[in-house]
Amino acid sequence: MDYTETQEHGMIRESIRQIASDYDRQYWREKVDEKEFPEEYWQDLARDGWLGVTIPEEYGGHDMGMLEMSMIIEELSRGGGQGGIVFVLTPVFGGIGIQRHGNEAQKEKYLTGIASGEIRFCMGLTEANAGVNTLNIETSAEKDGDEWVVDGQKMWISGVENADTMLLVARTSEFDPENPTHGVSLFLVDDPAAQEGITLSTLDVAVPWFEKQYQVDIDGLRVPEEKVLGAEDGGLYLLWDTLNTERIAGAASSLGGGLRAVDLAVDYANDREVFGQAIGGHQGIQHPLSDSYAKLMCAREMTYKAASLWDQNEECGAEANIAKLRTSEAATEAAHRAIQAHGGNGFTREYEVYDIWQNMRLTETVPVPNEMVKNYIGEHVLGMPKSY
Ligand SMILES: Cc1cc2nc3c(=O)[nH]c(=O)nc-3n(C[C@H](O)[C@H](O)[C@H](O)COP(=O)(O)OP(=O)(O)OC[C@H]3O[C@@H](n4cnc5c(N)ncnc54)[C@H](O)[C@@H]3O)c2cc1C
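Because the structure is predicted, anything quoted here is derived from the model rather than measured. Position numbers for residues start from 1 in each chain and track the written sequence from start to end. In keeping with the model being predicted, local features are shown solely for residues with a pLDDT of at least 70 and side-chain atom pairs are shown and tallied solely at 80 or more, while totals for entire chains, interfaces and linings include all residues. Excluded from the side-chain calculations are hydrogens and water; all other atoms, namely the structure's heavy atoms, are used.

*Asks:* Could you give an account of the overall build of the chain, naming the residues involved and the relevant values?
*Replies:* Here a helix means four or more residues in a row that DSSP labels H or I, a strand means two or more in a row labelled E, and each is numbered from the N terminus. For the chain, the count of helices and strands is eleven helices and ten strands. Radius of gyration here is computed from C-alpha atoms only, and the compact-globule reference equals 2.2 Å multiplied by the residue count raised to the power 0.38. On C-alpha atoms alone, the chain measures out to a radius of gyration of 21 Å, which is about the 21 Å that the 2.2 N^0.38 rule sets for 388 residues. In terms of overall dimensions, the chain has a C-alpha envelope of 80 × 45 × 40 Å along the principal axes. Accessible area is worked out with a 1.4 Å probe on protein chains only. A residue is then buried under 20% of its type maximum, exposed over 50%, and partly exposed in between. In the chain, buried positions account for 55% of the 388 residues. Residues count as neighbours in contact if any of their non-hydrogen atoms are within 4.5 Å of one another. Considering only residue pairs separated by 6 or more positions, the chain has 72% of its internal contacts joining residues 24 or more positions apart.

*Asks:* How would you sum up the packing of aromatic side chains? Please name residues and give values.
*Replies:* Each aromatic pair joins two rings of Phe, Tyr and Trp (for Trp, the six-membered one) with centres within 6.5 Å, and gets the label stacked for planes under 30 degrees apart, edge-to-face for over 60, and tilted for any other angle. For the structure on display, the rule yields twelve aromatic pairs. Note on Tyr354 and Trp357: the rings are 6.3 Å apart at their centroids and 15° apart in plane angle, and the pair reads as stacked. Within this pair, Tyr354 and its partner Trp357 are both found in helix 10 (residues 353–362), separated by three residues, close to a single helical turn. A residue is classified by how much of its surface remains accessible, and Tyr354, at 33% relative accessible area, is partly exposed. On the basis of relative accessible area, Trp357 is assigned to the partly exposed category, the value being 27%. Grouping aromatic residues by their ring pairs yields a cluster made of Tyr23, Tyr27, Trp28, Phe37, Tyr41, Trp42 and Phe210. Each ring is checked for a lysine NZ or an arginine CZ that lies within 6 Å of its centre and within 35 degrees of its normal; such an atom marks a charge sitting over the ring. The residue whose ring lies beneath Lys109 is Tyr110, and the NZ or CZ to ring-centre distance is 5.3 Å. A cation over a ring is seen here: Arg120 above Phe37, with NZ or CZ 3.5 Å from the ring centre.

*Asks:* So what about the packing of helix 5 (residues 83–101) against helix 6 (residues 104–116)? Which residues, and what values?
*Replies:* Where helix 5 contacts helix 6, the two axes come as close as 10 Å, and the packing angle between them is 150°. Considering their axes alone, helix 5 and helix 6 lie roughly antiparallel with respect to each other. Note that helix 5 runs across helix 6; the crossing there is left-handed. Contacts between helix 5 and helix 6 involve Thr90, Pro91, Gly94, Gly95, Ile98 and Gln99 from the former and Gln106, Lys107, Tyr110, Leu111 and Ile114 from the latter. For the contact of helix 5 with helix 6, the residue count by class is five nonpolar, five polar and one charged. Only the stretch in contact is used when a helix axis is fitted, and all axes are lines through C-alpha atoms; the angle between N-to-C directions ranges over 0 to 180 degrees. Between 65 and 115 degrees an angle is taken as roughly perpendicular, under 35 as roughly parallel, over 145 as roughly antiparallel, and anywhere else as oblique. When the near helix sits turned anticlockwise from the far one by under a right angle, the crossing is termed left-handed; a clockwise turn instead gives a right-handed crossing. Note that Gly is not counted as nonpolar here; it falls among the polar residues with everything else outside the nonpolar set of Ala, Val, Leu, Ile, Met, Phe, Trp, Tyr, Cys and Pro and the charged set of Asp, Glu, Lys and Arg.

Take a look at the structure:
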């Protein structure tokens, strides 16, 4: 698999590093404290076309692939910003899904809007009673003339108030055990926070993100029929088709966060002197950081391999899942070690590493828990019986 880093990749990385370096720790702390969308950062990414990295040129994008998107997300996360979140919600959930399954009118509106920075997405999938078993979702939609009427409840939905469109997952036909993946559809709900049929309640989530999470109560929400994405009742195929890009983008985000933890710990350990020498000179501090860096570099290879396979339209489920698993674990461990290297300062907000640990720990669970990733590897890669 050829995923050699080209000169163009080097230029992309440099351009992203420059954007990231304009937004310091203070900026992100304020966004997290105020739960405020990082508008300037988003607009900088849009200005240089990076939000449309995979979007075809005819809709204003760069027409590149997941490999380039992975590098962008990695550099944004390594630069200390929450670029992973903005990319997973909009260019991945919104962009890739519509790129692959939208009709012409949807592509024209949404892809152009994503690339220009005018349209942001949120993703309405998780439900309290279904958990990771998406087949069990209870939110349902019924046809009424040329509209769908949706009722139900979603849980943990990030950034609804900042979103121009919600990708909403709802059951449109009764569950059929003979054909379990049939009967779910995807809806593009514009202005979700302003919809009469939607009530938002903020959840008390202890993660240092700028996005809030919501319980979304849906009561008689009317959605025009042209807002169904892909085939009616075929939404699960579409979701699973874009799942690997979600895994790859998530892996790139963890990778960047883990590398940032190592970078910060190295700087601190080279600077901080106790017993008359820099603590980085002690193997108890140095080796864990070297080990984390090595693990992250290996995980990076798998992330790029998965991205390159996707770009060449080849099967990449094994690689994408392995990349997601390894990066999330290596990044959490790296952040844990970075805290240790910082001593007491590791627990202050000024030094960032505790925030990084919380964010990296989250990636072991969100958007998909690592147990489900291991289930995939056990069943689909190793050929063992389905365990649940
Ligand atoms: C900060 C945050 C932001 C989020 N943003 C969004 C969002 O924007 N949109 C959205 O739709 N969702 C969002 N989520 C939801 C998130 O994707 C889910 O929390 C996650 O997928 C886990 O689902 P659950 O919480 O229902 O866990 P559960 O399904 O209750 O699972 C609990 C635990 O049991 C394990 N488990 C369950 N079944 C099995 C099995 N068969 N084998 C092995 N282990 C199993 C799981 O792996 C998990 O560890 C967000 C969550 C958080 C915390």
